[in-house]
Amino acid sequence: ILNVEQSPQSLHVQEGDSTNFTCSFPSSNFYALHWYRWETAKSPEALFVMTLNGDEKKKGRISATLNTKEGYSYLYIKGSQPEDSATYLCAFTSGTYKYIFGTGTRLKVLA
Amino acid sequence: SAVISQKPSRDICQRGTSLTIQCQVDSQVTMMFWYRQQPGQSLTLIATANQGSEATYESGFVIDKFPISRPNLTFSTLTVSNMSPEDSSIYLCSVGTGIQETQYFGPGTRLLVL
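What counts as what
Residues numbered from 1 in each chain as written. Chains lettered and ligands numbered in written order. Predicted model: local features only at pLDDT ≥ 70, side-chain atom pairs only at ≥ 80, totals over all residues. Heavy atoms only, no water. Helix = DSSP H or I, 4+ residues; strand = E, 2+ residues; numbered from the N terminus. Rg over C-alpha atoms; globule rule 2.2 N^0.38 Å. Buried < 20%, exposed > 50% of the residue type's maximum accessible area, 1.4 Å probe, protein only. Contact = heavy atoms within 4.5 Å. Areas by Shrake-Rupley, 256 points an atom, 1.4 Å probe, with all protein chains shown as cover. Lys, Arg positive; Asp, Glu negative; His and termini not counted. Charge placed at Lys NZ, Arg CZ, Asp CG, Glu CD. Buried area = accessible area lost by both parts, 1.4 Å probe. Salt bridge = Lys/Arg side-chain N within 4 Å of Asp/Glu carboxyl O. Patch = residues over 30% accessible without salt bridge, like charges linked within 9 Å, V, L, I, M, F, W, Y side chains within 5 Å. Core = buried A, V, L, I, M, F, W, Y, C linked by side-chain atoms within 4.5 Å.

1. Here we look at the overall build of chain B
Counting its regular elements, chain B contains zero helices and eleven strands. Relative to its length of 114 residues, chain B is compact, with a C-alpha radius of gyration of 13 Å against a globular reference of 13 Å. Structurally, chain B occupies a C-alpha span of about 35 × 25 × 20 Å along its principal axes. Each of the 114 residues in chain B was classed as buried or not, and the buried ones make up 53%. In chain B, the share of contacts with a sequence separation of at least 24, taken over all contacts with a separation of at least 6, comes to 54%. Summed over all atoms, the accessible surface of chain B reaches about 5300 Å², with 49% contributed by carbon and sulfur. Across chain B, 7 positive and 8 negative side-chain charges occur, with their mean positions spaced 8 Å apart.

2. A look at the interface of chain B and chain A
Each partner contributes residues to the interface: chain B has 23 residues there, and chain A has 20 residues. Of the roughly 1800 Å² buried between chain B and chain A, counting both surfaces, carbon and sulfur atoms make up 58%. Put simply, chain B and chain A have one salt bridge between them. Salt-bridge contacts for Lys-98 of chain A lead to Glu-58 of chain B; the nearest nitrogen and oxygen are separated by 2.9 Å.

3. A short note on the environment of Val-4 of chain A
On the secondary structure map, Val-4 of chain A appears in the segment before β1 (5–7). For Val-4 of chain A, the contacting residues outside a window of four places in its chain are Cys-23, Ser-24, Phe-25, Pro-26, Cys-90, Phe-92, Ile-100, Phe-101 and Gly-102 of chain A.

4. Details of a nonpolar patch on the surface
A contiguous nonpolar surface patch, about 290 Å² in accessible area, is contributed by Ile-12, Leu-112 and Leu-114 of chain B. Residue placement: Leu-114 of chain B occurs in the segment after β11 (109–113).

5. Overview of the nonpolar core
Within the largest apolar cluster, 25 residues are counted, with the highest numbers of intra-cluster contacts made by Trp-34, Ile-46, Phe-66, Ile-68, Leu-78 and Tyr-91 of chain B. Mapped onto this core, the elements with two or more residues apiece are β3 (19–25), β4 (31–37), β5 (44–49), β8 (75–80), β9 (89–96) and β11 of chain B. Among the elements that make up this core, the one with the highest residue count is β3 of chain B (four residues). The residues contacting Phe-66 of chain B, other than those within four sequence positions of it, are Arg-36, Ile-46, Tyr-57, Phe-61, Leu-78, Thr-79, Val-80, Asp-87 and Tyr-91 of chain B. The next biggest cluster of nonpolar side chains, apart from the first, holds 24 residues, and it includes Leu-33, Leu-47, Phe-48 and Tyr-88 of chain A.

Take it as geometry only, folks, not as evidence of what the structure does.
So, in structure tokens, the structure goes:
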């Protein structure tokens, strides 16, 4: 059974703080790792798709790294803002249509 | 990326009834999927909606409980049948242009079964 785990489950940070969270996934049969941001009552927004070991992606203040050999990815947010408050999901795929999601990290940025 | 809408956005239903959720995409897409997120759980794939043929269900999901239609390349419905409180979840549709491409999601339907 393929399992994707995210930690922490939730966290609160002050505005301006930087933060990071982890996604752990199977290191075998890896094809891609996806990160999404999901705000309440909105569609999950695709942030990054990462495929190569050592990949680093950046979008504004958000960046992500990938280690396929040990099976983890980090998502970093620099200088958190209240609008960053959301649930961050990662999803693993072995090259099929099926995404295996983690349970998400719920971030609350306090003004 | 495609623009995806879902109806209804939320509903409260009585045990034993059925609810049909609609998913509309603003462009033709090859692949459409239905997911469920139960409280405290991860997003889980229910089935792939196939245009012109029966949906392909994942382990643990059956057609009698979750009948799916896909009459064309821009529209699909998911019915949650004979509902129980355990069906209280967020249901999302997603679309993809290919097996190895990023999937894009609708805003979800929040269902509460009493």
